[in-house]
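Residue-level structural notes
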Amino acid sequence: MTAPSRDPRAAIRVRTLAVGAFQENCHVLVDTAARRAVLVDPGAEPERLLAALREDDATLEAIWLTHAHVDHVGAIAGVIRRSPVPVYLHPLDRPLYDRAVEMGALFGLNIEPPPVETVALAEGDVVHVGEAALSVMHTPGHAPGHVVFHGHGMAFVGDCLFAGSVGRTDLPLANAPDLVRSLERIAALPDDTRVFSGHGPSTTIGRERTTNPFLTGDTRIVGGG
């Protein structure tokens with residue numbers, strides 16, 4: 001007898017924890033039926049992130065990185081020491097990932113080196129949390145290997161798009177024309193897609209398409225590239 005199907009969208013719970021000196025958003029995705037979880041961009045405070053997983057009674061399956069700036073990777077080593085899981089990263093962000101300790105020191109942060117081995121992400125890949133699947137969109141601009149994880153009415157956009165703003169393009173390896181193209185792709189997602197950014201509050205694609213000055217054309221993106 002075939003088990004009844006269920007809607008994975010209804011089973012996904014997202015908890016956002018602002019962590020570290022940069023108040024970076026680590027998103028905890030939990031398939032509540034399967035009790036499986038992933039961390040998106042664990043930037044700092046590994047014990048706090050592990051505590052959130054215990055509160056949800058969820059087993060960590062993986063770490064997904066939208067990109068490898070230091071404020072998004074600082075807790076990886078502390079998390080996987082307790083819960084060894086694969087780390088998913090686009091290869092074009094490997095130079096940033098490999099310099100996490102060095103970059104942390106520039107900001108006065110003591111970053112423990114993340115694991116050397118990572119799982120390569122690419123445009124069109126599908127990643128899973130429990131029974132739910134999300135697609136990978138390569139969205140360079142803020143960082144060369146930046147990606148967005150989207151599906152089930154949600155998009156985890158890292159530092160490409162914020163409520164009312166967009167990511168910086170004056171950082172090493174950033175590229176303003178690339179970000180413009182990436183934002184066009186992100187803005188093409190359905191209006192009711194809930195947007196979870198790397199900093200600040202959540203929003204929706206529809207709200208940003210109509211009110212974000214960088215998407216309406218009222219403000220031009222400038223910077224590197």
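Residues numbered from 1 in each chain as written. Predicted model: local features only at pLDDT ≥ 70, side-chain atom pairs only at ≥ 80, totals over all residues. Heavy atoms only, no water.

1. Looking at the sheet that holds strand β3 (residues 36-40)
Rule in force here: For two strands to count as paired, DSSP must find a minimum of two bridges between them. Working definition: helices are DSSP H or I runs of at least four residues, strands are E runs of at least two. Numbering for both runs from the N terminus. Contacts were defined at the residue level, with two residues in contact if any of their heavy atoms lie within 4.5 Å. Note on method: axes are straight lines fitted to C-alpha atoms, helices fitted across the in-contact stretch only, with angles between N-to-C directions ranging 0 to 180 degrees.
With respect to topology, six strands assemble into an open sheet ordered β1-β2-β3-β4-β5-β6, the strand pairing being mixed. In this open sheet, the two edge strands, each paired with only one partner strand, are β1 (12-19) and β6 (119-120). As defined by bridge partners, strand β4 (residues 59-64) adjoins strand β5 (residues 87-89) across two bridges and the pair is classed as parallel. Residue pairing for β5: I63 is matched across the bridge by V87. Along the sheet, helix α2 (residues 46-55) contacts β1, β2 (24-31), β3 and β4; its crossing angle with β1, the most-contacted strand, is approximately 155°.

2. Overview of the layout of surface pockets
Note the cut-off: Method remark: on a 1 Å grid restricted to protein atoms, a set of points is classed as a cavity if a 1.4 Å probe fits but cannot get out and as a pocket if it is open with protein on both sides within 12 Å along at least five of seven lines; lining residues have an atom within 4 Å of a point. Grid points are joined across faces, edges and corners, and a volume is the space filled by probe spheres set on the points. Only Asp, Glu, Lys and Arg are considered charged in this grouping, and only Ala, Val, Leu, Ile, Met, Phe, Trp, Tyr, Cys and Pro are considered nonpolar; every other residue, Gly among them, is considered polar.
What the largest pocket holds in volume is close to 480 Å³. Surrounding the largest pocket, 18 residues form its lining, H69, V70, D71, F107 and L171 being those nearest its centre. When contributions to the lining of the largest pocket are tallied by element, the ones reaching two or more residues are α3 (70-73) and α5 (94-98). Residue composition of the lining of the largest pocket, grouped by class: eleven nonpolar, three polar and four charged. Taken as a whole, the second largest pocket encloses approximately 190 Å³ of empty space.

3. A few points about the pattern of salt bridges
Rules: Salt bridges are defined as contacts in which a side-chain nitrogen from Lys or Arg sits within 4 Å of a carboxyl oxygen from Asp or Glu.
One pass over the full model with this rule turns up 13 salt bridges. In this structure, R94 engages D98 in a salt bridge whose closest nitrogen and oxygen atoms are separated by 2.9 Å. Within this pair, R94 and its partner D98 are both found in helix α5, separated by four residues, close to a single helical turn. The shortest N-O distance in the salt bridge between D178 and R181 comes to 2.5 Å. Within this pair, D178 and its partner R181 are both found in helix α7 (residues 176-187), separated by three residues, close to a single helical turn. Three or more residues are tied together by salt bridges with common partners; here these are R13, R15, E55 and D56.

4. Points about a nonpolar patch on the surface
For the record, the criterion: The patch calculation keeps residues exceeding 30% relative accessible area without a salt bridge and links them within 9 Å when they carry like charges or within 5 Å when they are nonpolar (Val, Leu, Ile, Met, Phe, Trp, Tyr). Every accessible area reported is derived by Shrake-Rupley at a probe size of 1.4 Å, with residue values counting cover from the shown protein chains alone. Three exposure classes are used, based on accessible area relative to the maximum for each residue type with a 1.4 Å probe and protein chains only: buried under 20%, partly exposed in between, and exposed over 50%.
On the surface, a cluster of nonpolar side chains totalling about 330 Å² of accessible area is made up of F22, L106 and F107. Locating L106 in the fold gives a position in helix α6 (residues 100-106). Among the residues examined, L106 registers a relative accessible area of 63% and is labelled exposed.

5. A few points about the confidence of the model for the protein
To keep it simple, the criterion reads: Scored between 0 and 100, pLDDT is the confidence that the predictor attaches to each residue.
The predicted model of the protein has a mean per-residue pLDDT of 94, with 95% of residues at 70 or higher. Note on residues 1-10: pLDDT is under 50 here. Beyond four places in sequence and across chains, it has ten contacts.

6. Some words on the pairing of β1
Where β1 and β2 come together, eight bridges link them in antiparallel fashion. Residue V14 lies in a different strand from β2, and its bridge partner there is L29. Hairpin connection, β1 to β2: the antiparallel pair is bridged by four residues, and G20 has positive phi, about 75°.

7. Side note on the sheet that holds strand β10 (residues 154-158)
With respect to topology, six strands assemble into an open sheet ordered β7-β8-β9-β10-β13-β14, the strand pairing being mixed. What marks the edges here is a single partner per strand, and that holds for β7 (126-129) and β14 (203-204). Sheet analysis places β7 next to strand β8 (residues 132-138), joined by four bridges and oriented antiparallel. Along β8, the bridge assignment pairs V129 with A132.

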